[in-house]
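# Residue-level structure breakdown
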Amino acid sequence: MAVTFNIPVDELDVAQLIADGFTSLTLWYADAPDGTYTDSGVTPSPATLAAAVTAETYEFEFSYSGGSPSQWFKVRAKQGITYSDAYLSSPFTGGSGVTLAYLRRRLGSMLGDMKVITTTATGDANTATCTAFEVKRWPDSYFNGQFIYRPATGEDAIIDTSVQSTGALNFSPDNGSTVASSTILEITKRWTHSEYNEAINWACVAAYPVLSRPIINTGLITIADTMVYTAPQDILTITSVEIESQFQPDSTNPAVRGRPWAQVPFAPLYEGLNVKFELNWPEREDQRLRVSGTGYLSQMASDTDSTECLQHNADLLLAKAAERLFSLSSMNAASSDRDFYIEQEQRFKGLFQENKPSQRSKRAAQRRWGADARAQGGGRPGYDPRRDGRAP
C-alpha cells in the first residue's frame, strides 16, 4: 500500500541546508516510533533543494509505494552518501496510529514480562537459538515454563529447557516448520500473546471517552421538511453538524465541492443505542451534512492492524490494558499471590486516572447552542432563514 506525504519546509531552512552542502531530502521509515529507521530511497518532488528554490515551491511530496499507514516516518537531508545528523521532523505516523505488535511489546516491556529476541542461527521445529546477551545472560533452565510466541506464523509453545552456553531454547508442541535464523520471537512469563491482545482490545473500548477515535462522516443528505437524523453508527458522541454550501455542487473534488461548510445548530438525541440529532430548521434539500464526533478506538485482530494512538497516549491505553491483565489474573491466582495482583490492578487503574488529563485524545469541543444562536441559524454571517422560506 502506498503512502504519500507533503512535507512543507521553510524557505530559510532550505537555504541553510543548501549552504551546509545538502542537496536533497529523504524519507525514512520504521515499524515503531522508537524503532530503527531505514532510508526508503524515494525521490521527492521537487527532487532537489535547488529545484525547490528555482520553482519557489517549498512543499516536498514523497510517494512511497512500499509504505504502510501503520509505519512511522522521519525526514532527513542528504549529501552524496551522507545524511544530516538531525532529522527535520519528529516521528510521524503514516496515518493509522500504532500497531497491535508495537502495543503488545510495549506493554510486555512495561510489565517486565516480555523479552523480544531475534534468533541468530537456524534451529528446528522445536528449537530456537539465540546467542544474544539478552538470552545468554540467564542461567540454564531460566526460561523453563515460559511462553514463546512466533509472530510470523502465529504459533505458541512452552519452553521446556534453555541452555545458557548455546542459547538454545527447546519448546513444545513443535512448530509447523523450522525456526530459521533472524526469526523474531516473543518470550513471556505470565501471559500468552493472545491474553495480551485481548487486554489491549478491551482497553480500546474501556478507555472511552478519555481515548477516542475522531470521526468525520459526510454521508447524510438532507431531506425536505426533515429535522431529525440518525447519526452514523460508529459515532457515540456528536461534536458538530455542518452543511455544505452550494459552491460547485457538481464537482467531484472533495477539496472544492460544498466548501466552506457552515455550522448548523443541533441538539443530540439518544434513543436506546441510537444516536440522533435534531436541527433547528429543515435545511436545504439534497445537501450533504458533515457530522463530526468520537467513537471507540479501533480494535485489532492482526499484528499489523493499528489503532488511533500516538506515542504520548499509547502508555495511557496500556495502563488500562495492564489493569485488565492483573484483574483477570487475580481471579485465578493462588491465595498467596492474590493480594499482589489486586495491588497491581489498583496501581495501573490509578496511573490511568492520574495521567488522563494530559494524555487524552484530542477532539473538538462540543458546541453548545443557546436559544439566541438557534434563532439566528448558528450565527452564520448574513444568514436569514426567512430567505429560504423556512421561518414561520
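Our structure's up above, just so we're on the same page.
Here goes a summary of the coordinates provided. (Residues numbered from 1 in each chain as written. Predicted model: local features only at pLDDT ≥ 70, side-chain atom pairs only at ≥ 80, totals over all residues. Heavy atoms only, no water.)

### Some remarks on the overall build of the protein
Our working definition: The helix and strand labels rest on DSSP assignments: H or I over at least four residues marks a helix, E over at least two residues marks a strand, and numbering proceeds from the N terminus. Two things to know: the radius of gyration comes from C-alpha atoms, and the globule rule equals 2.2 Å times the number of residues to the power 0.38. Partly exposed describes any residue whose relative accessible area lies between the buried limit of under 20% and the exposed limit of over 50%, with all areas from a 1.4 Å probe on protein chains only and scaled to the type maximum. Any two residues whose heavy atoms approach within 4.5 Å at even a single point are treated as in contact.
When you go through the protein residue by residue, the secondary structure sums to eight helices and 23 strands. A globule of 392 residues ought to have a C-alpha radius of gyration of about 21 Å, yet the protein, at 27 Å, is considerably larger. Projected onto the principal axes, the alpha-carbon positions of the protein cover approximately 85 × 65 × 40 Å. Taking all 392 residues of the protein together, 43% fall into the buried category. Sequence separation of 24 or more characterises 70% of the internal contacts of the protein that already satisfy a separation of 6 or more.

### Considering the sheet that holds strand E22 (residues 288-295)
Test applied: Two strands qualify as a pair provided DSSP detects at least 2 bridges between them.
Read from one edge to the other, the open sheet built from four strands follows the order E16-E22-E18-E19, with strand pairing classed as antiparallel. Single-partner strands in this sheet number two, and they are strand E16 (213-221) and strand E19 (262-263). Direction of pairing for strand E18 (residues 237-243) relative to E19: antiparallel, over a ladder of two bridges. Note on E19: the bridge partner recorded for Ile243 is Ala262.

### Let's talk about helix H1 (residues 11-19)
In plain terms, the rule: Polar contact is defined as a pair of N or O atoms within 3.5 Å, subject to the rule that within protein one atom must be able to donate a hydrogen and the other to accept it, and that residues adjacent in sequence are counted only when both atoms are side-chain atoms.
The N-capping residue of H1, defined by a side-chain oxygen 2.7 Å from the backbone nitrogen of Leu12, is Asp10. Phi turns positive one or two residues past the end of H1, at Gly21, with a value near 100 degrees.

### Focus: a negative patch on the surface
Formally: Patch membership is restricted to residues that have no salt bridge and whose relative accessible area is over 30%. Joining uses 9 Å for like charges and 5 Å for the nonpolar side chains Val, Leu, Ile, Met, Phe, Trp and Tyr. Areas reported here follow the Shrake-Rupley algorithm with a probe of radius 1.4 Å; residue values treat only the protein chains shown as occluding. For salt bridges, the criterion is a side-chain nitrogen of Lys or Arg within 4 Å of an Asp or Glu carboxyl oxygen. Residues scored as charged are limited to Lys and Arg (positive) and Asp and Glu (negative), so that His and the chain ends carry no count. The atoms used to mark charge sites are NZ of Lys, CZ of Arg, CG of Asp and CD of Glu.
Taken together, the side chains of Asp10, Glu11, Asp13 and Glu56 present a region of like negative charge at the surface. With respect to the helices and strands, Glu56 occurs in the loop between helix H2 (49-55) and strand E4 (59-64). Overall, Glu56 belongs to the exposed group, its relative accessible area being 64%.

### Here we look at the pattern of salt bridges
Inspection of the entire model under this criterion finds 13 salt bridges. Of the charged contacts, one joins Asp303 and Arg104 as a salt bridge, the two residues approaching to 2.9 Å between their closest N and O atoms. Of the two residues, Asp303 is situated in the loop between E22 and strand E23 (306-307) and Arg104 in helix H3 (residues 100-110); the sequence distance between them amounts to 199 residues. Each of Arg104, Arg105, Glu186 and Asp303 takes part in salt bridges that share partners, so that together they form one network.

### With respect to empty space enclosed by the protein
One water molecule sets the probe size; rolling that probe over the atoms shows where empty space is left. Put simply, the rule reads: Grid points spaced at 1 Å and placed over the protein atoms alone form the basis of the search, with a cavity being a set where a 1.4 Å probe fits but cannot get out and a pocket an open set showing protein on both sides within 12 Å along at least five of seven lines. Lining residues have an atom within 4 Å of a point. Grid points are joined across faces, edges and corners, and a volume is the space filled by probe spheres set on the points. Under the grouping applied here, Gly and all other residues not named as nonpolar or charged are polar, the nonpolar ones being Ala, Val, Leu, Ile, Met, Phe, Trp, Tyr, Cys and Pro and the charged ones Asp, Glu, Lys and Arg.
For the structure on display, the rule yields three cavities of 30 Å³ or more. Lining the largest cavity are Met114, Phe147, Ile148, Tyr149, Asp156, Glu186, Thr188, Trp191, Thr192 and His193. Put simply, the parts of the chain that give the lining of the largest cavity at least two residues each are strand E12 (147-150) and strand E15 (184-188). For the lining of the largest cavity, the leading source of residues is E12, giving three residues. Partitioning the lining of the largest cavity into residue classes produces five nonpolar, three polar and two charged.

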